[in-house]
Amino acid sequence: MAIEEEKKNRAIELGVTQTGRPVSFSIDEPTHIAIQGMTRSGKSATTYYFLSELAGHRGVEIHFLDITTLLAAPFNEVGASGLSATGTRDADQYLTVLETLLKRMNSRIDELSALKRDKIQSFSPAYPLQVVVIEELPSLVCWLEDEDKVSGRKPAERNTPRFISMLRQLLAQGLKVGVMCLLIAQRFDAAVISGPARSNLGLRICLRVDDRDAVAMLFSDATSNHVDAIVSAPPGCGFLSSPTQRLAKVRLNYREYADYRSRVEACVHPNIDEHATRAQSR
Ligand SMILES: Nc1ncnc2c1ncn2[C@@H]1O[C@H](COP(=O)(O)OP(=O)(O)OP(=O)(O)O)[C@@H](O)[C@H]1O
Ligand SMILES: [Mg+2]
């Protein structure tokens, strides 16, 4: 009973299906998440809800690759311990964050055989779940491509293919050692989320989009009834599939930005060690 209660506390309720079944995300059974939807469909509001709930849990570290800067801002302003690359001033920072996370993932994988385990599913402050949030992934990739062109980089030196390759490695290998991605897009791009990368996306959410092809990017089995419902869905409503939930109509929980900010401020504790080190080095 106590274990059940503890497990329940480590679950975040994302919303409810049309038949009234709650849909939740469990910190101890993480999966990569993809959220897709056109502008004003409710992607950010859902993400604000999820991240502010996640931020209150011990044993979770949240990292951002956020071209908009708005999603990461509340975490960065309180000095949260996660890594962060934001805005469009510097492309290299996005590569540096992914490189660091990939190294972290690989050293955790190296430790697995010493631990005689094939995966880790128990997270704590000493071994936190690493959540990598990528806001507007296709826009970020487009901007990296433009930046490669403008900088006149030779093919072997370009940031974009390295970025995509590292992301695909995180998607393919991360879950067994507690590295999960939350990818957000108005419309996922097959060139970035190719077949194998897509099959690693366990929890898929599609809010309102404007055509069948966008729906098919996440749900290859969608029927014309599904498509009709998605193209006319109100904000925060759409379809979801997960390892424990077949494709179903959902209404998602949401939070406004001001509430997101204040909740993050209230529950994220700055990385004291990092602050002390920074202060000493001044
Ligand atoms: N689950 C929901 N229930 C009711 N209203 C919602 C829900 N989610 C979002 N909304 C409303 O819809 C508006 C647009 O949502 P949001 O800003 O999250 O869209 P978005 O998909 O992130 O758009 P963009 O791509 O332009 O950033 C919000 O201001 C909010 O009031
Ligand atoms: Mg948004």
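A brief structural summary. (Residues numbered from 1 in each chain as written. Chains lettered and ligands numbered in written order. Predicted model: local features only at pLDDT ≥ 70, side-chain atom pairs only at ≥ 80, totals over all residues.)

Attention now goes to helix 4 (residues 92-115). In this model helix 4 runs 35 Å from its N-terminal to its C-terminal C-alpha over 24 residues, within 8% of the 34 Å that 1.5 Å per residue would give. Within helix 4 the residues assigned to the buried category are Tyr 94, Val 97, Leu 98, Leu 101 and Met 105. Phi turns positive one or two residues past the end of helix 4, at Lys 116, with a value near 55°. (Helix = DSSP H or I, 4+ residues; strand = E, 2+ residues; numbered from the N terminus. Expected span 1.5 Å × (residues − 1). Buried ≥ 20, exposed ≤ 12 C-beta atoms within 10 Å, placed from the backbone.)

Attention now moves to helix 9 (residues 224-231). Along helix 9, the positions that sit buried rather than exposed are His 226, Val 227 and Ile 230. Taken end-on, helix 9 shows its buried residues confined to a sector of 95°, consistent with a single buried face. Turned more than 90 degrees from where helix 9 packs its buried face, Ser 224, Asn 225 and Asp 228 sit exposed. (Arc of directions from axis to C-beta.)

This paragraph deals with the pairing of strand 1 (residues 11-17). Two elements, strand 1 and strand 2 (residues 22-26), share five bridges in a ladder whose sense is antiparallel. The partner of Glu 13 across the bridge, within strand 2, is Ser 24. Turn length for the strand 1-strand 2 hairpin, with the two strands adjacent in sequence and antiparallel, is four residues, and the turn residue Gly 20 shows positive phi of about 90°. Where strand 1 meets strand 10 (residues 245-252), three bridges bridge the pair, whose relative direction is antiparallel. Along strand 10, the bridge assignment pairs Gly 15 with Leu 252. (Pairing = 2+ DSSP bridges.)

The 10 strands lie next to each other as 2-1-10-9-8-3-7-6-4-5, forming an open sheet whose pairing is mixed. Of all the strands in the sheet, the pair left with one neighbour each is strand 2 and strand 5 (84-86). Taken over all neighbouring pairs, the strand axes of this sheet differ in orientation by 25° on average, direction set aside. Lying over the sheet, helix 5 (residues 137-150) contacts strand 4 (60-66), strand 6 (129-135) and strand 7 (179-185), oriented at roughly 85° with respect to strand 7. (Axes fitted to C-alpha atoms, helices over the stretch in contact; angles between N-to-C directions. Contact = placed C-beta atoms within 7 Å.)

Most of strand 6 is tucked away, with seven of its seven residues classed as buried. Of the two faces of strand 6, both are covered, the one formed by Leu 129, Val 131, Val 133 and Glu 135 as well as the one formed by Gln 130, Val 132 and Ile 134. Note that strand 4 and strand 6 share seven bridges and pair parallel. Across the sheet, Phe 64 pairs through a bridge with Val 133, a residue of strand 6. Two strands pair when backbone bridges link them, and strand 6 and strand 7 are joined in this way by five bridges, in the parallel orientation. Pairing of Gln 130 across the sheet is with Val 179, part of strand 7.

The quantities given are spatial measurements derived from coordinates; they are silent on function.
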